[in-house]
Amino acid sequence: MPDLVDLVQARELGKTYRGSKGTRTVAASGITFSARAGEVFGLLGPNGAGKTTTLRMLSTVLSPTEGTACIDGHDVREAPDRVRAAIGFLSGNTGLYPRLTPREVLAYFGRLYGLPETALAARIEELAGLLDMAGFLDRRCDALSTGMKQKVNVARTVLHDPRVLFLDEPTAGLDVLASRTIIDFVRRCRGQGKCVVFSTHIMAEVARLCDRLAIIHKGRVQFLGTLAEFRKDAGDDLEEAFLRVLERAA
Amino acid sequence: MKALRVLVIARKEFRDVLRDRRTLFFMLLLPIVVMPLLMILISNFMKSQLKEKESRILTLAVEPQGKVLLRALANRWLSDHRGALVGLSARIGIESLGGLDDLAQLSERVKSVQDEARGGLADTALLAYGRAWLEMSDDQRQMLQDAGAVHGFLNQTRWIGLDALPPAGELPPGVHVPEDLPASLADARVAAAITSERKDVHAALHVPAGEIDTWFTEDPARAVSLPITIVYDGSQSLSREAHDRCAAFIEALTRAEVRTRLKAQNLARDFVEPFRLKEANVASEGRQFQAVIGGILPYLIILFCFFGAFYPSLDLTAGEKERFTLETLLLAPVSRVDIAAGKFVVVFAAAITAAVLTTASLALTVTYGILPKGTAEAFNLNFELPAVLLTASLLVPVAALFAAMLLTVALCARSFKEAQSYATPLQFLIVLPAMTALMPDLQTELKWAWVPLMNVSLLMRELLKGNYLWDFYAITLGSMFLLSGIMLWVASRVFRRESVLLRT
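Sequence order sets the numbering: in each chain, residues are counted from 1 along the sequence as written. Chains and ligands are labelled by the order in which they are written, letters from A for the one and numbers from 1 for the other. For this predicted model, a pLDDT threshold of at least 70 governs which residues receive local features, and a threshold of 80 or more governs which side-chain atom pairs are given and counted, while totals over whole chains, interfaces and linings are taken from all residues.

## Comments concerning the overall build of chain A
Worth spelling out the cut-off: A run of DSSP states H or I qualifies as a helix once it reaches four residues; a run of E qualifies as a strand once it reaches two. Both are numbered from the N-terminal end. Radius of gyration: over C-alpha atoms. The globule rule applied is 2.2 Å multiplied by the number of residues raised to the 0.38 power. For every residue, the other C-beta atoms within 10 Å of its own C-beta are counted; 20 or more classify it as buried, 12 or fewer as exposed, and values in between as partly exposed. C-beta atoms are placed from the backbone. Placing C-beta atoms from the backbone, we regard two residues as in contact once those atoms come within 7 Å.
When helices and strands are counted, chain A shows 10 helices and 10 strands. Taking 2.2 N^0.38 as the reference for a compact globule, 250 residues should give roughly 18 Å; the C-alpha atoms of chain A span a radius of gyration of 18 Å, in line with that estimate. Principal axes of the C-alpha set define a box for chain A whose edges measure 50 × 45 × 40 Å. Taken over 250 residues, chain A has a buried fraction of 46%. For chain A, the share of sequence-separated contacts (at least 6 apart) that also reach a separation of at least 24 residues comes to 68%.

Following this line, the structure appears as structure tokens:
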């Protein structure tokens, strides 16, 4: 029963932008892949490949112009609210409300997710312990360091305990220590049986974390398979193999 | 739309904007503190400027004979009226009218007693004098005012000879020498000196001193008018003041001379006053003042309603994009219409708050800060409760329109700065129709009820005067609600457009 464990199913997803003068820009096309529970799925590709567009379509921020996707059993076109309730989304440049404290930010999103107040307060305390945030939970966000902010963002992403996580270049712009928080977090999620879709342009991150991966370039999937399969094709130098896939697509 | 989610969003946005200094400034500090302070400052400044202008020593250029003659006429007026003046000035507290210095004191006192009488006799030190002033006859009051005019002309002026004027260069643009002037004033030096940037000569006078003998005649058939010419610069306030002082002086002399001539001929004053217009204004000073306030208030209410909406609307849209928080919000399981509604509630409330606070603080400032002490009761500003409530009801569609409009425009921007440059022109768009209430000659005709904002402005003016124009009100409220409804619909459409939401 693959459908039960395939928490993310993208079927021929595509997004074409129409410009004002009849120009058409294809940001993504024919994206098909699936990701399972307990799996970290890597979306690898250079800047502008269509990774963010794909993740935004999967998370219903953008509506696809072709194809569709199913997240935890909900269609992104038909039940976007349910999809959003089922996912957590984190990107490298996610901002926090600078005039609110982390506790207020988390409480805000918790209420939007419909968590009951007592459960929400308990959940915030739990996450604060888990992510070591107790020291700055009641400080205004504009006074926090980048690493602290990223912890708050991580907490916000898993606040409602979603089964599917989309991470859009979550380590972009972070230093080694802050990146470490993210990497640990991804591993922990996998351990909890969540499905993590992880986009990056850094091969090394894929090699460390991912079970399966798709290489996206020019809006299309150029490679789809397990990390082991990719290694088999590539030999030892994964970076080199990545580049070869890109060249073949050109 | 889920009301609960909208409430959660609105609650958070309230908390957020209330921690924003810019919003606080425009919503709270500006109407409560800055506006009243500014108004008191300006009004005091204007008062002191007026006082300074009135007591300023002005320079008049005149031929030596003319000066001698004018001074002689002034002194003659004073000695002719001294007896009467001493009695009258005692009644308003100037005990012994001696020399010319006392005349300055008298002139001051007349002005303040006049204010006191106009203010409706409050319980001040001048109360008794104000009563005495009101008990005097018109002629008696006129004589006291004329004494002030003579004093202003005689003592608050400096005189220089026409021949002392510097040679003229080229006259400034827009300055010409009229053709029918007496020869001594037709000189370009006169016009040049009066219009000069240095402002050291304020007006020039010509008195035909040679004709004075024919003027002092006993024979009524041969009575003549003595032509006195004044040259002044109507574009400068001090020069106008010089003109006014001369005119008031000549009028005082004229009144006295007419009295003398009539008496010599045994004629009653009616002889030269075949008609007399008796004026009766049924509107109290308070009512007239209320009409003025009724014109200014709508403009300020509408403007501050806009100011109140301005920063929160930008902060909650473009500001949220700039801080990279909007996309996170879009990922929460709330519909975009709910998000728009939550933000709208907050901006709407800010607009209403700013408008209401402005009105309240304005009323308090005018009553306790600007009007002289004790006169507020006399003005008896009387805004009826139904009028106030109807005015407030108009505020609802106005605030909704501004909130929806600003949210839409600001959402299309990528950054706060860009949003500001989009939203600022809107201000000019609303200022013009809002200002229509300030135009006293613009009648509130029913056709204007169809012009957005202009209808609100005019209707508020009428309501504050106590005119209940129900048909105008119905059209205004209906069309404004329709317009703000359309704008809200547009806003909700724009909030659903991903190309707008994700434009960064």
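## Structural notes on the overall build of chain B
Scanning chain B from N- to C-terminus turns up 19 helices and 4 strands. Scaling as 2.2 N^0.38, a compact globule of 504 residues should have a C-alpha radius of gyration of about 23 Å, whereas chain B reaches 32 Å, well beyond that. If one aligns the C-alpha atoms of chain B with their principal axes, the spans along those axes are about 100 × 55 × 40 Å. Looking at chain B as a whole, 36% of its 504 residues qualify as buried.

## Concerning the sheet that holds strand β6 (residues 87-91) of chain A
Strands pair in a sheet through their backbones, by hydrogen bonds, and they do so in one of two ways: parallel or antiparallel. All names here are of chain A. Which entries qualify depends on this criterion: Two strands make a pair as long as DSSP finds a minimum of two bridges between them. Lines fitted to C-alpha atoms define the axes here, with helix axes fitted over just the stretch in contact, and angles between the N-to-C directions of these axes take values from 0 to 180 degrees.
The strand order β6-β7-β8-β3-β9-β10 describes an open sheet built from 6 strands, whose pairing is mixed. The open sheet is flanked by β6 and β10 (220-226), the only strands paired with a single partner. Adjacent strand axes in the sheet meet at a mean angle of 15°, parallel and antiparallel pairs treated alike. Examined bridge by bridge, β6 and strand β7 (residues 164-168) share 5 bridges and lie parallel to one another. Residue Ser91 lies in a different strand from β7, and its bridge partner there is Asp168. Relative to β7, helix α2 (residues 51-58) is tilted by about 150°, and along the sheet it contacts β3 (40-44), β7, β8 (195-200) and β9 (212-217). The sheet contacts of helix α6 (residues 146-158) involve β6 and β7, and relative to β6 the element is tilted by about 160°.

## Some thoughts on the domain arrangement of chain B
Many analyses report the size of an interface as the accessible area lost when the parts associate. Spelled out, the test is: Source of the domain bounds: an automatic or database domain assignment.
Entries for chain B in the domain assignment read domain 1 (3-41 + 284-501) and domain 2 (54-271). In this structure, domain 1 of chain B and domain 2 of chain B have C-alpha centres spaced 51 Å apart.

## Side note on the interface of chain A and chain B
To be explicit about the condition: Note on residue classes: Ala, Val, Leu, Ile, Met, Phe, Trp, Tyr, Cys and Pro are nonpolar, Asp, Glu, Lys and Arg are charged, and everything else, Gly too, is polar.
The interface of chain A with chain B comprises 21 residues on the first partner and 19 residues on the second. Mapped by element, the contributors of at least two residues to the side of chain A that touches chain B are α3 (80-86) and α4 (102-112) of chain A. Taken together, the residues of the side of chain A that touches chain B break down into 12 nonpolar, 5 polar and 4 charged.

## Focus: the nonpolar core
Residue and element names in this part refer to chain B. Condition: Put simply, a nonpolar core is a cluster of buried Ala, Val, Leu, Ile, Met, Phe, Trp, Tyr and Cys residues tied together by C-beta atoms within 7 Å.
One finds Cys305, Ala351 and Ala403 to be the most contacted residues of the largest nonpolar core, which totals 147 residues. Setting aside its immediate chain neighbours within four residues, Cys305 contacts Ala351, Ala354, Ala355, Leu395, Val398, Ala399 and Phe402. With 43 residues, the next largest nonpolar core counts Leu70, Val113, Leu144 and Ala147 among its residues.

## Some thoughts on the confidence of the model for chain B
Residue and element names in this part refer to chain B. Filter applied, for reference: pLDDT is a per-residue confidence score from the predictor, ranging from 0 to 100.
Scored by pLDDT, chain B comes out at a mean of 87, with 94% of its residues at no less than 70. The least confident element of chain B is helix α14 (residues 375-379), whose mean pLDDT is 56; the most confident is helix α18 (residues 470-495), at 95. Model confidence for the complex: the whole-complex pTM is 0.82, and ipTM, which rates the interface, is 0.90.

## Side note on the environment of Leu253(B)
All names here are of chain B. In this structure, Leu253 sits in helix α9 (residues 237-264). Between the C-alpha atom of Leu253 and that of Ala74, which follows or precedes it by 179 residues, the distance is 7.8 Å. Among all residues touching Leu253, those that are not within four sequence positions of it are Leu73 and Trp77.

## A short note on the sheet that holds strand β4 (residues 229-232) of chain B
Residues and elements named next belong to chain B. The 4 strands are arranged β2-β1-β3-β4 in an open sheet whose pairing can be described as mixed. Every other strand in the sheet has two partners, leaving β2 (157-161) and β4 as the edge strands with one partner each. In this sheet, neighbouring strand axes are inclined to one another by 30° on average, regardless of whether the strands run parallel or antiparallel.

## Remarks on the pairing of strand β1 (residues 58-62) of chain B
Residue and element names in this part refer to chain B. In terms of residue burial, β1 counts as a mostly covered element, since 4 of its 5 residues are buried. As paired elements, β1 and β2 share 5 bridges and run parallel to each other. In the strand pairing of β2, Thr59 is matched with Arg158. Pairing geometry for β1 and strand β3 (residues 203-206), over 3 bridges, is parallel. Each residue of the ladder has a partner; that of Ala61, found in β3, is Ala204.

## Some thoughts on helix α2 (residues 21-55) of chain B
How we decide: To get the bend at any residue, fit one axis to the seven residues that end at it and another to the seven that begin at it, then take the angle between the two axes.
Bending of α2(B) peaks at approximately 65° at the position of Leu30(B), with proline Pro31(B) no more than four residues after it. Within α2(B), the full set of buried residues consists of Thr23(B), Phe26(B), Met27(B) and Pro31(B).

## Comments concerning the environment of Tyr113(A)
Along the chain, Tyr113(A) turns up in the loop between α4 and α5 (117-130). Placed 27 residues apart in sequence, Tyr113(A) and Ala86(A) show a C-alpha to C-alpha distance of 9.6 Å. With sequence-adjacent residues up to four places away left out, Tyr113(A) is seen in contact with Ala85(A), Leu159(A), His160(A), Ala332(B) and Pro333(B).

## Side note on the packing of α4(A) against α6(A)
Residue and element names in this part refer to chain A. Note the following rule: By the definition adopted for this analysis, an angle is roughly parallel if under 35 degrees, roughly antiparallel if over 145, roughly perpendicular if from 65 to 115, and oblique otherwise. Should the near helix be turned anticlockwise from the far one by less than a right angle, the crossing is termed left-handed; should it be turned clockwise, right-handed.
Here α4 crosses α6 at 20°, and the two axes come no closer than 10 Å. Comparing the axis directions of α4 and α6 gives the class roughly parallel. Once α4 is placed against α6, the crossing between them reads as right-handed. Residue-level contacts link Pro102, Val105, Leu106 and Phe109 of α4 to Val152, Ala155 and Arg156 of α6. Grouping the amino acids of the contact of α4 with α6 by side-chain chemistry returns 6 nonpolar, no polar and 1 charged.

## A few points about the packing of helix α10 (residues 285-316) of chain B against helix α15 (residues 385-411) of chain B
Residue and element names in this part refer to chain B. Contact geometry of α10 with α15 gives a least axis separation of 9 Å together with a crossing angle of 35°. In terms of crossing hand, the pair formed by α10 and α15 is right-handed. Note on element contacts: α15 touches α10 through Leu395, Val398, Ala399, Phe402, Ala403, Leu406, Leu407 and Ala410, opposite Ile301, Ile302, Cys305, Phe306, Ala309, Phe310, Ser313 and Leu314. Classifying every residue of the contact of α10 with α15 gives 15 nonpolar, 1 polar and no charged.

## Observations regarding the pairing of β10(A)
All names here are of chain A. Bridge count between β9 and β10: 6 bridges; the pairing is antiparallel. Within β10, the position partnered with Ala214 by the bridge is Leu224. Taking the residues that link successive antiparallel strands as the turn, the β9-β10 hairpin has 2 residues, and the phi of Lys218 there is positive, at about 55°.

## Notes on the environment of Phe223(A)
Residues and elements named next belong to chain A. Along the chain, Phe223 falls in strand β10. The spatial distance from the C-alpha of Phe223 to the C-alpha of Phe242 is 9.5 Å, given a sequence separation of 19 residues. Filtering out sequence-adjacent residues up to four positions away, Phe223 remains in contact with Ala214, Ile215, Phe230 and Val245.

## Digging into unusual backbone geometry
Residues and elements named next belong to chain A. Positive phi values are uncommon outside glycine, yet Thr60 reaches one of about 70°. Since 26 C-beta atoms lie within 10 Å of it, Thr60 is described here as buried. Here Asp132, not a glycine, exhibits a phi torsion of approximately 60°, which is positive. Following the sequence through the fold, Asp132 ends up in the loop between α5 and α6.

## Quick word on the confidence of the model for chain A
Residues of chain A with pLDDT of at least 70 account for 98%, and the chain-wide mean is 89. The element-level mean pLDDT for chain A is lowest in helix α1 (residues 2-5) of chain A, coming to 52, with α4(A) highest at 96.

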